[in-house]
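Residue-level structural notes
Listed below are the residues making up each chain.
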Amino acid sequence: MSRSPIQPLPPALINRIAAGEVIERPASVVKELIENSLDADVTRIVVEVEDGGCSLIRVIDDAAGIPPSELPLAFAPHATSKLRSDEELFRIATMGFRGEALASVGAVSQARILSRTSDDSVAYEIHNRGGQIDQPQAAAGNRGTVVEVRNLFFNTPARRKFLKGSATEFGHISDTFVRLALSFPDVSFTLIHGGRTILDLPATSPQRRWLAAWPAEFADLCLPLDLRDAEISLIGLIGKPELARPTPKHQYFFLNRRCIRDRFIQHALREAYRGLIEPGRHPAAILLLSMPPQDVDVNVHPTKSEIRFRDSGRIHGLILSVIREKLLGSDLSPVALAARQIAPPVDDPVRQDMRKKLAEFFQSALPQGSFPQPDSPRPPQPAPAPAASPSPSPVPAPIPTGSVPAIQLHNCYLVVESEDGLLIIDQHALHERIMYEDLLARLSHGPLESQRLLIPLTFAASARQLELLDQIQPLLRRLGIEASPLGPTGAAIHAFPSFLHRLDPADFLRELLERGEQESLDLHHEEVLHEVLDMMACKAAVKAGDPLSPAEIEALLARRHLIDRSSNCPHGRPTTLRMTLHDLEKQFKRTGF
Ligand SMILES: Nc1ncnc2c1ncn2[C@@H]1O[C@H](COP(=O)(O)OP(=O)(O)O)[C@@H](O)[C@H]1O
Ligand SMILES: [Mg+2]
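Quick caveat, the model's predicted, so the values are computed rather than measured. (Residues numbered from 1 in each chain as written. Chains lettered and ligands numbered in written order. Predicted model: local features only at pLDDT ≥ 70, side-chain atom pairs only at ≥ 80, totals over all residues. Heavy atoms only, no water.)

Regarding the site of ligand 1
So the rule is basically this: If even one non-hydrogen atom of a residue comes within 4 Å of a molecule or strand, that residue is called near it. Counting of polar contacts relies on pairs of N or O atoms within 3.5 Å, with two restrictions inside protein: one atom must be capable of donating a hydrogen and the other of accepting it, and residues adjacent in sequence are counted only when both atoms are side-chain atoms. Per-residue accessibility takes into account occlusion by the displayed protein chains alone, with areas from the Shrake-Rupley method and a 1.4 Å probe. Strands here mean DSSP runs of E at least two residues long; helices mean DSSP runs of H or I at least four residues long; both are numbered from the N terminus. Each residue is assigned to one class: nonpolar for Ala, Val, Leu, Ile, Met, Phe, Trp, Tyr, Cys and Pro, charged for Asp, Glu, Lys and Arg, and polar for all the others, Gly among them.
With respect to spatial proximity, 19 residues lie near ligand 1, and among them Asn36, Thr80, Ser81, Lys82 and Gly99 are the closest. Ser81 has a polar side-chain atom sitting 2.5 Å from an oxygen atom of ligand 1. Contacts to ligand 1 include Arg98, whose backbone N or O atom sits 3.1 Å from an oxygen atom. In isolation ligand 1 exposes 530 Å². Once the protein is present, 92% of that is buried. Mapped onto the shell around ligand 1, the elements with two or more residues apiece are helix 2 (26–39) and helix 4 (101–107). Residue composition of the shell around ligand 1, grouped by class: seven nonpolar, eight polar and four charged.

Structural data, given as structure tokens:
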């Protein structure tokens with residue numbers, strides 16, 4: 001084979017190759033552009049995107065601007081105003097410093113910067129079309145900078161092909177946007193997609209801004225962290241154990257205001273909740289660490305999302321102890337019974353049908369060996385932590401052996417005599433947990449068994465939802481669901497898991513797609529499976545307000561051991577409150593304590 005001579009690559013090609021590392025998708029562009037605004041002393045940032053950022057990303061700020069003479073340098077590779085010397089590299093305090101983002105963006109898109117400093121009476125603009133940079137021209141514009149990026153990857157078709165649909169790409173953009181907004185509460189942030197304002201976060205207090213990352217109902221169930229010593233500070237919010245979810249999507253870690261992924265921090269957080277949440281669940285936490293820039297290396301990865309601590313053991317220990325102390329010092333007992341909304345009993349045909357189906361469910365056998373037996377080998381489990389909540393504590397007890405039959409109160413709670421006192425069981429929570437474990441166990445044996453529908457069920461779906469439907473086919477196959485688009489505005493379901501006969505297949509799919517769309521779930525992740533199982537279990541379980549017959553109560557309680565055994569952790573979201581005779585005696589002041 002004839003050999004080609006070694007030659008230096010042309011600069012435009014070098015940039016295009018380098019761009020591959022920094023710019024993976026539209027969200028990467030949004031991240032770089034917002035970071036540039038944040039480095040330039042900004043008070044307001046507006047991000048406008050079209051088509052999930054694939055056709056247009058525009059970031060507008062009111063920051064310091066770029067003088068016209070420097071505009072060509074802004075697009076030049078390895079040109080930056082943020083780093084001058086070797087030794088500065090070891091104490092980086094800005095978000096950017098590599099001087100390659102704008103060059104990379106310009107290499108793979110049609111980009112334009114319009115900028116005006118307070119010293120100039122007019123703005124100037126400069127274009128970069130796939131690496132071809134024009135001279136700056138005078139133009140109309142306000143103080144600050146507008147960076148516009150059109151047709152991302154127009155000249156790198158391989159990359160362009162990897163882009164997902166507009167809904168998914170926009171999901172990544174809004175994730176990125178929220179992450180950046182969390183650590184800059186004094187800056188106002190607006191995100192607009194297709195002309196619609198999706199997020200509008202005015203400048204506010206840190207705590208208010210943090211809460212913007214979480215569902216509204218988390219606000220009453222979180223604990224603030226506020227450790228500040230001379231060198232290190234750890235501030236943020238952690239969720240009470242009941243906010244733990246099957247995915248870590250409510251976790252955010254920041255170091256010196258930069259959003260990072262870090263396995264030490266993640267591990268410390270998990271350890272701090274050990275024994276307080278079920279294994280496999282992830283606590284909600286927003287942790288913002290600050291430390292002297294020289295104690296950390298941010299120059300590990302082009303996107304700077306991974307960092308290296310000089311003393312990772314110390315950081316691990318600090319996070320673990322601060323969070324653990326906070327948790328153990330707080331009242332973690334579940335919301336008082338009286339505060340719970342109790343649905344009024346309903347007795348319509350749907351409920352009657354439900355009861356019939358419920359009976360069938362209890363009769364359907366589990367695959368053999370689905371749940372670990374008490375004496376079978378199992379992976380090492382953490383020792384239960386010291387009890388953190390005051391009684392009545394949510395500790396599952398053995399199946400009641402009392403001679404008095406369990407009773408149902410308010411069509412919502414089951415009260416059971418236990419050996420050492422009594423148990424109050426939330427019927428929905430218990431059934432939901434049983435269903436969840438049951439589904440998980442069934443899935444570990446292969447896809448859920450599915451049943452073909454005689455006549456396909458159809459439902460209306462938007463273009464975005466159809467796109468999602470296409471993307472989640474592998475997930476659907478595991479769940480035993482067969483569904484396909486039916487024309488441009490609808491979809492059809494051909495098969496559905498027989499195990500879930502209680503659910504309306506169309507309702508279920510519609511909700512799944514809506515959630516995928518709204519919560520920007522990355523539907524390719526394995527964790528989404530757990531989210532979906534949660535959703536199935538919650539929907540399929542008996543509700544608060546469902547009257548149960550004595551036989552149904554007995555059947556439900558008989559399955560209770562499944563969740564006790566499948567989880568070694570006594571303090572997950574409680575299905576059961578336990579009151580010992582000792583507790584009762586204490587309450588009635590029959591003991592000296
Ligand atoms: N929105 C902005 N406002 C003011 N200056 C900016 C803005 N965006 C970019 N710049 C200037 O352009 C330079 C190059 O940006 P970039 O390629 O992202 O590299 P870096 O941020 O690593 O320096 C920055 O150093 C900064 O001086
Ligand atoms: Mg930058």
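Remarks on helix 16 (residues 550–558)
So the rule is basically this: Only protein chains enter the accessibility calculation, which uses a 1.4 Å probe; a residue whose area is less than 20% of its type maximum is buried, one above 50% is exposed, and one in between is partly exposed. Working definition: the arc comes from the directions between the helix axis and the C-beta atoms, pointing outward to the latter.
Buried within helix 16 are the following residues: Glu552, Ile553, Leu556 and Leu557. Looking straight down helix 16, one finds its buried side chains confined to an arc of 130°; they lie on one side. In this structure, helix 16 carries Pro550, Ala551 and Glu554 as exposed residues pointing more than 90 degrees from its buried face.

What to know about the sheet that holds strand 14 (residues 285–290)
To keep it simple, the criterion reads: Only strands that DSSP links by at least two bridges are regarded as paired with each other. Pairs of residues are marked as contacts when any of their non-hydrogen atoms sit within 4.5 Å. Every axis in this analysis is a line fitted to C-alpha atoms, fitted for helices over the stretch in contact. Angles between the N-to-C directions lie between 0 and 180 degrees.
Ordered in space as 10-11-14-12-13, the five strands form an open sheet in which the pairing is mixed. Edge positions in the sheet fall to strand 10 (222–228) and strand 13 (258–259), since each has one partner strand and no second. Where strand 12 (residues 251–255) lies against strand 14, five bridges are found, and the strand directions are parallel. Across the sheet, residue Leu255 finds its bridge partner in strand 14, namely Leu289. Sitting on the sheet, helix 8 (residues 263–272) touches strand 12 and strand 14, and the angle it makes with strand 12 is about 130°. Packed onto the sheet, helix 9 (residues 312–328) meets strand 10, strand 11 (233–239) and strand 14 and runs at close to 135° relative to strand 10.

Focus on the pattern of salt bridges
Inclusion rule: Any Lys or Arg side-chain nitrogen found within 4 Å of a carboxyl oxygen on Asp or Glu counts as a salt bridge.
Tallied over the full model, the rule gives 16 salt bridges. For the salt bridge of Asp226 with Arg228, the shortest nitrogen-to-oxygen distance reads 2.7 Å. Take Asp226 and Arg228: they sit in the same class, and that class is exposed. Linking Glu482 and Arg452 is a salt bridge whose minimum nitrogen-to-oxygen distance equals 3.0 Å. Residue Glu482 is found in strand 21 (residues 482–485), and its partner Arg452 is found in strand 20 (residues 450–460); the two are separated by 30 residues along the sequence. Overall, the relative accessible area of 36% leaves Glu482 in the partly exposed class. One salt-bridge network, in which partners are shared between bridges, spans Glu48, Arg58, Arg112, Glu125, Glu148 and Arg150.

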